[in-house]
Amino acid sequence: EAGVVQSPRYKIIEKKQPVAFWCNPISGHNTLYWYRQNLGQGPELLIRYENEEAVDDSQLPKDRFSAERLKGVDSTLKIQPAELGDSAVYLCASSSGLAGGRVEQFFGPGTRLTVL
Amino acid sequence: AQSVAQPEDQVNVAEGNPLTVKCTYSVSGNPYLFWYVQYPNRGLQFLLKYITGDNLVKGSYGFEAEFNKSQTSFHLKKPSALVSDSALYFCAVREGSGNTPLVFGKGTRLSVIA
């Protein structure tokens, strides 16, 4: 079974430029998560999707961040414009969504963003 | 709101010795508790979880964790450490009832020395 796929793995941009990250979850997983992991910290949830619907985006900085999950499968996270403080690893995870929060999440390798 | 504390940034242990990585949590209801491991340049990998039932949970790669409700702890343990266990370990918690997000600790770096 293929795991969660993310691209690109690394991205270096200058501040004020836009950037986008792509995630393909495990087949059949209807719940998709985007996390941000700052250096020396644990992941922090940015947004959670149940199928196509964003059900928890309270931690997403909506002035510059946006996300979409068309057709309830792949998802894209965008930052426009990027700031120096956005440098972090952006992780995508998915879960089957069954039994509420009892199931574990499966994580992709992440995209390491560096903003210069 | 739920929270997780991993009091040790770094744990060093000799190969073959038992290891413990500590985790304490705070939730208003019943907790769902998870341990994940992260190797360099890779995503988090699930190790084990406590949802309900037996307080001693066994997981991948010989790891286990004990849920202690009175001490609000969920320490990760392994009887005999391997050099390949060296990685970053994260404890996470969410409230069992309701639709709350999974909250992660800051992580503990485990170094197993040959």
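Residues numbered from 1 in each chain as written. Chains lettered and ligands numbered in written order. Predicted model: local features only at pLDDT ≥ 70, side-chain atom pairs only at ≥ 80, totals over all residues. Heavy atoms only, no water.

Caption draft 1: Structural view of the overall build of chain A. Helix and strand counts for chain A come out as zero helices and 11 strands. Taken over C-alpha atoms, the radius of gyration comes to 13 Å for chain A, in line with the 13 Å a tight globule of 116 residues would show. Its C-alpha atoms give chain A principal-axis dimensions of about 40 × 25 × 25 Å. A buried classification covers 45% of the 116 residues belonging to chain A. Relative to all contacts within chain A whose residues are 6 or more apart in sequence, the contacts with residues 24 or more apart total 53%. (Helix = DSSP H or I, 4+ residues; strand = E, 2+ residues; numbered from the N terminus. Rg over C-alpha atoms; globule rule 2.2 N^0.38 Å. Buried < 20%, exposed > 50% of the residue type's maximum accessible area, 1.4 Å probe, protein only. Contact = heavy atoms within 4.5 Å.)

Caption draft 2: Expanded view of the nonpolar core. Residues and elements named next belong to chain B. The biggest cluster of nonpolar side chains holds 28 residues, and the ones touching the most others in it are Trp35, Leu47, Leu48, Phe74, Leu76 and Tyr89. Broken down by secondary-structure element, the contributors of at least two residues to this core are β2 (10-14), β3 (19-21), β5 (31-38), β6 (44-50), β8 (64-68), β9 (73-78), β10 (87-95) and β12 (108-113). Tallying contributions element by element places β10 first for this core, with four residues. Residues contacting Leu76, with those up to four places away along its chain left out, are Leu19, Thr20, Val21, Trp35, Leu47, Leu48, Phe63, Glu64, Ala65 and Tyr89. (Core = buried A, V, L, I, M, F, W, Y, C linked by side-chain atoms within 4.5 Å.)

Caption draft 3: Here's a closer look at the interface of chain A and chain B. Counting from both sides, the interface comprises 21 residues of chain A and, opposite them, 20 residues of chain B. Both faces considered, chain A and chain B share a buried interface measuring about 1600 Å² in area, 49% of it formed by carbon and sulfur atoms. In terms of surface lost to chain B, no three residues of chain A exceed Arg102, Glu104 and Phe107 of chain A, which account for 31% of the buried area on that side. Connecting chain A to chain B are one salt bridge. The shortest N-O distance in the salt bridge between Glu104 of chain A and Lys49 of chain B comes to 2.9 Å. Counting across the interface, chain A meets chain B through five residue pairs in polar contact (both at pLDDT 80 or more). Those elements that provide at least two residues to the side of chain A that touches chain B are β4 (31-37) and β5 (44-50) of chain A. Split by residue class, the side of chain A that touches chain B holds eight nonpolar, seven polar and six charged. (Buried area = accessible area lost by both parts, 1.4 Å probe. Salt bridge = Lys/Arg side-chain N within 4 Å of Asp/Glu carboxyl O. Polar contact = N/O pair within 3.5 Å; in protein donor to acceptor, adjacent residues only side chain to side chain. Nonpolar A, V, L, I, M, F, W, Y, C, P; charged D, E, K, R; others polar.)

Caption draft 4: Highlighting the sheet that holds strand β8 (residues 75-79) of chain A. Residues and elements named next belong to chain A. Taken in spatial order, the four strands make up an open sheet running β1-β3-β8-β7, and their pairing is antiparallel. Of all the strands in the sheet, the pair left with one neighbour each is β1 (5-7) and β7 (65-68). Going across the sheet, the axis of each strand differs from the next one's by a mean of 15°, ignoring polarity. As paired strands, β7 and β8 are joined by four bridges and run antiparallel to one another. Bridging from a neighbouring strand, Glu68 pairs with Thr76 of β8. (Pairing = 2+ DSSP bridges. Axes fitted to C-alpha atoms, helices over the stretch in contact; angles between N-to-C directions.)

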